[in-house]
Amino acid sequence: MPPRKRARVTRRTSNPGKDDDDDGDGETISPVKETVPKKKTTRKAKEVSEPPASPQYCRWLMKSEPESRLESGVDMKFGIEDLKALPDQTDCWDGVRNYQARNFMRQMKEGQVAFFYHSNCKEPGIAGVMKIVKEAYVDHTQFDKKDVHFDGTSKADNPKWSMVDVQYQRMLKRFLPLSELKKYHLQHRAKSGPLKDMALFTRARLSVQPLTTEEFDFIVSLEDEEPL
DNA sequence: GCCAACGTTGGC
DNA sequence: GCCAACGTTGGC
(Lines give C-alpha, C1' and ligand atoms only; values in the text may rest on other atoms or scores of the structure.)
Protein backbone atom coordinates (compact mmCIF):
# COMPACT_ATOMS: atom_id res chain seq x y z
CA MET A 1 0.00 0.00 0.00
CA PRO A 2 0.94 3.49 -0.71
CA PRO A 3 2.85 5.64 1.60
CA ARG A 4 0.72 8.25 3.03
CA LYS A 5 -2.88 7.89 3.03
CA ARG A 6 -5.34 10.47 3.72
CA ALA A 7 -8.36 9.35 5.28
CA ARG A 8 -11.74 9.36 4.10
CA VAL A 9 -14.88 9.53 5.74
CA THR A 10 -16.10 8.82 9.08
CA ARG A 11 -13.88 9.11 11.92
CA ARG A 12 -14.83 8.72 15.45
CA THR A 13 -13.20 6.98 18.20
CA SER A 14 -15.65 4.86 19.78
CA ASN A 15 -15.49 3.26 23.05
CA PRO A 16 -14.96 -0.07 24.53
CA GLY A 17 -18.33 -0.36 25.88
CA LYS A 18 -20.58 -1.24 23.14
CA ASP A 19 -18.29 -2.17 20.43
CA ASP A 20 -18.57 -4.97 18.36
CA ASP A 21 -21.70 -5.61 17.04
CA ASP A 22 -20.74 -8.17 14.72
CA ASP A 23 -22.01 -7.70 11.47
CA GLY A 24 -25.42 -7.41 11.14
CA ASP A 25 -25.71 -4.15 9.55
CA GLY A 26 -28.97 -3.23 10.95
CA GLU A 27 -30.87 -2.37 8.04
CA THR A 28 -34.10 -1.24 6.99
CA ILE A 29 -33.20 -1.42 3.47
CA SER A 30 -33.49 -5.04 3.07
CA PRO A 31 -34.73 -5.81 -0.34
CA VAL A 32 -34.91 -9.43 0.34
CA LYS A 33 -36.70 -11.04 3.13
CA GLU A 34 -35.28 -14.11 4.51
CA THR A 35 -37.31 -16.90 5.81
CA VAL A 36 -35.62 -18.45 8.65
CA PRO A 37 -35.81 -22.16 8.58
CA LYS A 38 -36.96 -22.45 12.06
CA LYS A 39 -38.36 -25.85 12.07
CA LYS A 40 -36.74 -29.11 12.19
CA THR A 41 -36.00 -31.06 15.18
CA THR A 42 -33.48 -33.04 13.36
CA ARG A 43 -31.29 -30.14 12.77
CA LYS A 44 -29.86 -28.62 15.75
CA ALA A 45 -28.63 -25.17 15.79
CA LYS A 46 -26.85 -25.10 12.60
CA GLU A 47 -23.35 -24.13 12.62
CA VAL A 48 -22.54 -21.58 15.09
CA SER A 49 -24.08 -18.30 14.79
CA GLU A 50 -25.44 -17.64 11.43
CA PRO A 51 -24.08 -15.21 9.11
CA PRO A 52 -26.95 -12.90 9.52
CA ALA A 53 -29.29 -13.37 6.71
CA SER A 54 -28.70 -10.06 5.17
CA PRO A 55 -29.50 -9.48 1.58
CA GLN A 56 -26.39 -9.71 -0.37
CA TYR A 57 -25.45 -6.67 -2.25
CA CYS A 58 -22.85 -6.71 -4.94
CA ARG A 59 -22.57 -3.08 -5.93
CA TRP A 60 -21.36 -0.25 -3.75
CA LEU A 61 -20.86 3.46 -3.44
CA MET A 62 -17.98 4.88 -1.46
CA LYS A 63 -17.47 8.50 -0.53
CA SER A 64 -14.28 10.46 -0.33
CA GLU A 65 -13.34 14.10 -0.40
CA PRO A 66 -11.63 15.36 -3.54
CA GLU A 67 -10.81 18.79 -2.15
CA SER A 68 -8.25 19.74 0.45
CA ARG A 69 -9.48 20.01 3.98
CA LEU A 70 -7.31 19.89 7.03
CA GLU A 71 -8.27 17.70 9.89
CA SER A 72 -5.89 17.83 12.81
CA GLY A 73 -3.38 19.27 10.42
CA VAL A 74 -3.72 16.44 7.96
CA ASP A 75 -5.09 16.94 4.48
CA MET A 76 -8.10 14.74 3.87
CA LYS A 77 -8.03 15.20 0.13
CA PHE A 78 -8.44 11.97 -1.78
CA GLY A 79 -10.40 12.15 -5.00
CA ILE A 80 -10.64 9.68 -7.82
CA GLU A 81 -7.70 11.35 -9.57
CA ASP A 82 -5.60 10.62 -6.53
CA LEU A 83 -6.53 6.95 -6.66
CA LYS A 84 -5.81 6.86 -10.37
CA ALA A 85 -2.37 8.33 -9.82
CA LEU A 86 -1.20 5.67 -7.38
CA PRO A 87 0.97 2.75 -8.33
CA ASP A 88 -1.30 0.06 -9.65
CA GLN A 89 -4.10 2.61 -9.24
CA THR A 90 -4.86 0.77 -6.06
CA ASP A 91 -5.27 1.86 -2.49
CA CYS A 92 -6.65 0.69 0.80
CA TRP A 93 -9.83 2.38 1.93
CA ASP A 94 -8.79 3.13 5.45
CA GLY A 95 -10.21 5.46 8.02
CA VAL A 96 -13.80 4.33 8.06
CA ARG A 97 -15.03 4.69 11.62
CA ASN A 98 -18.69 3.97 11.43
CA TYR A 99 -20.11 0.54 12.15
CA GLN A 100 -22.61 0.40 9.36
CA ALA A 101 -20.08 1.49 6.81
CA ARG A 102 -17.59 -1.01 8.19
CA ASN A 103 -20.11 -3.80 8.03
CA PHE A 104 -20.82 -3.09 4.43
CA MET A 105 -17.13 -3.20 3.64
CA ARG A 106 -16.95 -6.58 5.33
CA GLN A 107 -19.60 -7.83 2.94
CA MET A 108 -17.66 -6.80 -0.12
CA LYS A 109 -16.29 -9.51 -2.36
CA GLU A 110 -13.28 -9.35 -4.59
CA GLY A 111 -14.24 -8.31 -8.09
CA GLN A 112 -17.29 -6.33 -7.13
CA VAL A 113 -17.51 -2.76 -8.26
CA ALA A 114 -18.13 0.48 -6.44
CA PHE A 115 -18.84 4.03 -7.46
CA PHE A 116 -16.30 6.59 -6.34
CA TYR A 117 -18.38 9.42 -4.93
CA HIS A 118 -17.00 12.89 -4.33
CA SER A 119 -18.37 14.41 -1.17
CA ASN A 120 -18.01 17.59 0.80
CA CYS A 121 -16.90 19.55 -2.22
CA LYS A 122 -17.94 22.12 -4.74
CA GLU A 123 -19.71 19.62 -6.89
CA PRO A 124 -20.68 16.44 -5.11
CA GLY A 125 -21.52 13.40 -7.19
CA ILE A 126 -20.33 10.18 -8.77
CA ALA A 127 -17.04 10.46 -10.60
CA GLY A 128 -16.10 6.97 -11.61
CA VAL A 129 -15.94 3.29 -10.95
CA MET A 130 -13.51 1.18 -8.99
CA LYS A 131 -13.17 -2.47 -8.20
CA ILE A 132 -12.72 -4.27 -4.91
CA VAL A 133 -9.41 -6.05 -5.23
CA LYS A 134 -8.95 -7.21 -1.65
CA GLU A 135 -11.64 -8.16 0.81
CA ALA A 136 -11.90 -6.75 4.30
CA TYR A 137 -8.85 -6.91 6.52
CA VAL A 138 -7.57 -5.00 9.51
CA ASP A 139 -7.31 -1.26 9.09
CA HIS A 140 -3.86 -0.63 10.52
CA THR A 141 -4.48 3.07 11.04
CA GLN A 142 -6.61 2.34 14.09
CA PHE A 143 -3.41 1.39 15.94
CA ASP A 144 -1.28 4.24 14.69
CA LYS A 145 -1.18 6.98 17.26
CA LYS A 146 0.02 9.37 14.63
CA ASP A 147 -2.91 8.73 12.37
CA VAL A 148 -5.92 10.97 12.38
CA HIS A 149 -8.09 7.91 12.70
CA PHE A 150 -6.25 6.32 15.58
CA ASP A 151 -8.66 4.53 17.89
CA GLY A 152 -7.31 3.94 21.34
CA THR A 153 -10.18 1.70 22.23
CA SER A 154 -9.37 -0.87 19.59
CA LYS A 155 -7.32 -3.82 20.79
CA ALA A 156 -4.74 -5.63 18.74
CA ASP A 157 -6.29 -8.98 19.53
CA ASN A 158 -9.70 -7.76 18.50
CA PRO A 159 -9.42 -5.01 15.96
CA LYS A 160 -12.48 -2.94 15.57
CA TRP A 161 -12.05 -1.47 12.10
CA SER A 162 -11.61 -2.98 8.69
CA MET A 163 -10.76 -1.76 5.21
CA VAL A 164 -10.71 -3.14 1.70
CA ASP A 165 -8.42 -2.43 -1.23
CA VAL A 166 -9.88 -0.76 -4.26
CA GLN A 167 -8.54 -0.27 -7.75
CA TYR A 168 -9.43 2.47 -10.18
CA GLN A 169 -11.44 1.23 -13.13
CA ARG A 170 -12.64 4.17 -15.12
CA MET A 171 -14.14 7.61 -15.01
CA LEU A 172 -17.80 7.87 -15.90
CA LYS A 173 -18.27 9.30 -19.37
CA ARG A 174 -19.66 12.32 -17.60
CA PHE A 175 -19.67 13.30 -13.97
CA LEU A 176 -23.03 12.59 -12.35
CA PRO A 177 -23.83 15.39 -9.96
CA LEU A 178 -25.72 14.73 -6.78
CA SER A 179 -28.25 17.33 -7.86
CA GLU A 180 -29.12 15.29 -10.93
CA LEU A 181 -29.30 12.03 -9.04
CA LYS A 182 -31.59 13.72 -6.59
CA LYS A 183 -33.97 14.79 -9.33
CA TYR A 184 -34.23 11.20 -10.45
CA HIS A 185 -34.63 10.09 -6.89
CA LEU A 186 -37.57 12.44 -6.37
CA GLN A 187 -39.07 11.48 -9.70
CA HIS A 188 -38.75 7.83 -8.91
CA ARG A 189 -40.16 8.28 -5.49
CA ALA A 190 -43.22 9.91 -6.93
CA LYS A 191 -43.68 7.50 -9.78
CA SER A 192 -41.66 4.58 -8.62
CA GLY A 193 -38.40 3.97 -10.37
CA PRO A 194 -35.00 2.49 -9.72
CA LEU A 195 -33.64 5.28 -7.54
CA LYS A 196 -36.59 5.64 -5.23
CA ASP A 197 -34.86 4.07 -2.25
CA MET A 198 -31.28 4.92 -3.05
CA ALA A 199 -29.20 4.98 0.11
CA LEU A 200 -27.47 8.17 -0.95
CA PHE A 201 -30.74 9.91 -0.11
CA THR A 202 -32.28 7.68 2.47
CA ARG A 203 -29.10 7.27 4.52
CA ALA A 204 -27.37 10.49 3.71
CA ARG A 205 -24.43 10.22 6.02
CA LEU A 206 -23.39 6.66 5.29
CA SER A 207 -19.97 6.76 3.67
CA VAL A 208 -20.01 3.22 2.35
CA GLN A 209 -23.32 2.12 1.00
CA PRO A 210 -24.85 -0.69 -1.01
CA LEU A 211 -26.64 -0.37 -4.31
CA THR A 212 -29.02 -2.80 -5.88
CA THR A 213 -28.14 -3.87 -9.38
CA GLU A 214 -31.16 -1.91 -10.60
CA GLU A 215 -29.81 1.24 -9.01
CA PHE A 216 -26.34 0.62 -10.32
CA ASP A 217 -27.44 -0.14 -13.84
CA PHE A 218 -29.74 2.84 -13.99
CA ILE A 219 -26.99 5.16 -12.84
CA VAL A 220 -24.54 3.77 -15.35
CA SER A 221 -27.13 4.29 -18.07
CA LEU A 222 -27.19 7.99 -17.26
CA GLU A 223 -23.70 8.31 -18.69
CA ASP A 224 -25.19 8.34 -22.15
CA GLU A 225 -28.04 10.67 -21.32
CA GLU A 226 -28.09 14.41 -21.44
CA PRO A 227 -27.84 15.99 -18.02
CA LEU A 228 -31.28 16.29 -16.55
C1' DG B 1 -19.66 29.09 7.13
C1' DC B 2 -24.23 27.49 8.47
C1' DC B 3 -26.87 24.06 10.05
C1' DA B 4 -30.01 19.80 9.62
C1' DA B 5 -29.68 15.10 10.14
C1' DC B 6 -28.16 11.63 12.68
C1' DG B 7 -24.75 8.53 15.19
C1' DT B 8 -22.45 8.21 19.75
C1' DT B 9 -21.76 8.98 24.60
C1' DG B 10 -22.85 8.72 29.13
C1' DG B 11 -25.87 10.03 33.18
C1' DC B 12 -29.56 8.30 35.39
C1' DG C 1 -32.69 1.14 28.41
C1' DC C 2 -34.01 6.00 27.80
C1' DC C 3 -32.75 10.17 26.15
C1' DA C 4 -30.33 14.75 26.22
C1' DA C 5 -26.06 16.57 25.05
C1' DC C 6 -22.63 16.41 21.97
C1' DG C 7 -19.93 15.67 17.74
C1' DT C 8 -19.68 14.66 12.84
C1' DT C 9 -21.18 14.47 8.00
C1' DG C 10 -21.85 16.75 4.16
C1' DG C 11 -25.17 19.61 1.30
C1' DC C 12 -25.92 24.15 0.31
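What you see is a predicted model, and the numbers here were worked out from it, not measured in a lab.

**Student:** Quick one: what's the story with the nonpolar core, residue by residue and with numbers?
**Tutor:** Counting residues in hydrophobic clusters, the biggest one holds 23 residues, and the most contacted among them are Met62 and Trp93. Ranked by size, the runner-up nonpolar core spans 19 residues in total, among them Phe115, Ile126, Val129 and Leu200.

**Student:** Which residues make up the pattern of salt bridges, and what are the values?
**Tutor:** Inspection of the entire model under this criterion finds eight salt bridges. Across the pair Arg69 and Glu65 runs a salt bridge whose closest N-O atoms are separated by 2.8 Å. Arg69 sits in the partly exposed class, given a relative accessible area of 31%. Taking relative accessible area as the criterion, Glu65 reaches 10% and is therefore assigned buried. Here Glu223 makes a salt bridge to Arg170, at a shortest N to O gap of 2.6 Å. Of this pair, Glu223 sits in the segment after α5 (213-221) while Arg170 sits in strand β7 (residues 162-177), placing them 53 residues apart in sequence.

**Student:** Hey, could you go over the pairing of strand β8 (residues 208-211) for me, with residue numbers and the actual values?
**Tutor:** Side chains Val208 and Pro210 project from β8 onto one buried face, and the interleaved Gln209 and Leu211 project onto a second face that is buried too. Sheet topology places strand β1 (residues 59-64) next to β8; four bridges connect them, and they run antiparallel. The partner of Met62 across the bridge, within β8, is Val208.

**Student:** I'd love a proper account of the sheet that holds strand β5 (residues 113-118), names of residues and values included.
**Tutor:** Pairing in this open sheet of six strands is mixed, and the strands run β4-β7-β6-β5-β1-β8 from one edge to the other. Pairing within the sheet leaves two strands with one partner each, and these edge strands are β4 (90-92) and β8. The sheet shows a mean angle of 35° between the axes of neighbouring strands, direction not considered. Of the strands in this sheet, β1, β5, β6 (125-138), β7 and β8 are in contact with α5, which crosses β8 at around 90°.

**Student:** Describe the side chain of Asp165, with residues and values.
**Tutor:** Position of Asp165 among the secondary structure elements: in strand β7. There is no salt bridge for the buried Asp165, and the closest opposite charge comes from Lys134, which lies 5.0 Å off by N-O distance. A distance of 2.5 Å separates polar atoms of two side chains, one belonging to Asp165 and the other to Tyr137. Leaving out residues up to four positions away in the same chain, Asp165 has contacts with Thr90, Asp91, Cys92, Lys131, Ile132, Val133, Lys134 and Tyr137.

Calculation notes
Residues numbered from 1 in each chain as written. Chains lettered and ligands numbered in written order. Predicted model: local features only at pLDDT ≥ 70, side-chain atom pairs only at ≥ 80, totals over all residues. Heavy atoms only, no water. Core = buried A, V, L, I, M, F, W, Y, C linked by side-chain atoms within 4.5 Å. Buried < 20%, exposed > 50% of the residue type's maximum accessible area, 1.4 Å probe, protein only. Salt bridge = Lys/Arg side-chain N within 4 Å of Asp/Glu carboxyl O. Helix = DSSP H or I, 4+ residues; strand = E, 2+ residues; numbered from the N terminus. Pairing = 2+ DSSP bridges. Axes fitted to C-alpha atoms, helices over the stretch in contact; angles between N-to-C directions. Contact = heavy atoms within 4.5 Å. Lys, Arg positive; Asp, Glu negative; His and termini not counted. Polar contact = N/O pair within 3.5 Å; in protein donor to acceptor, adjacent residues only side chain to side chain.

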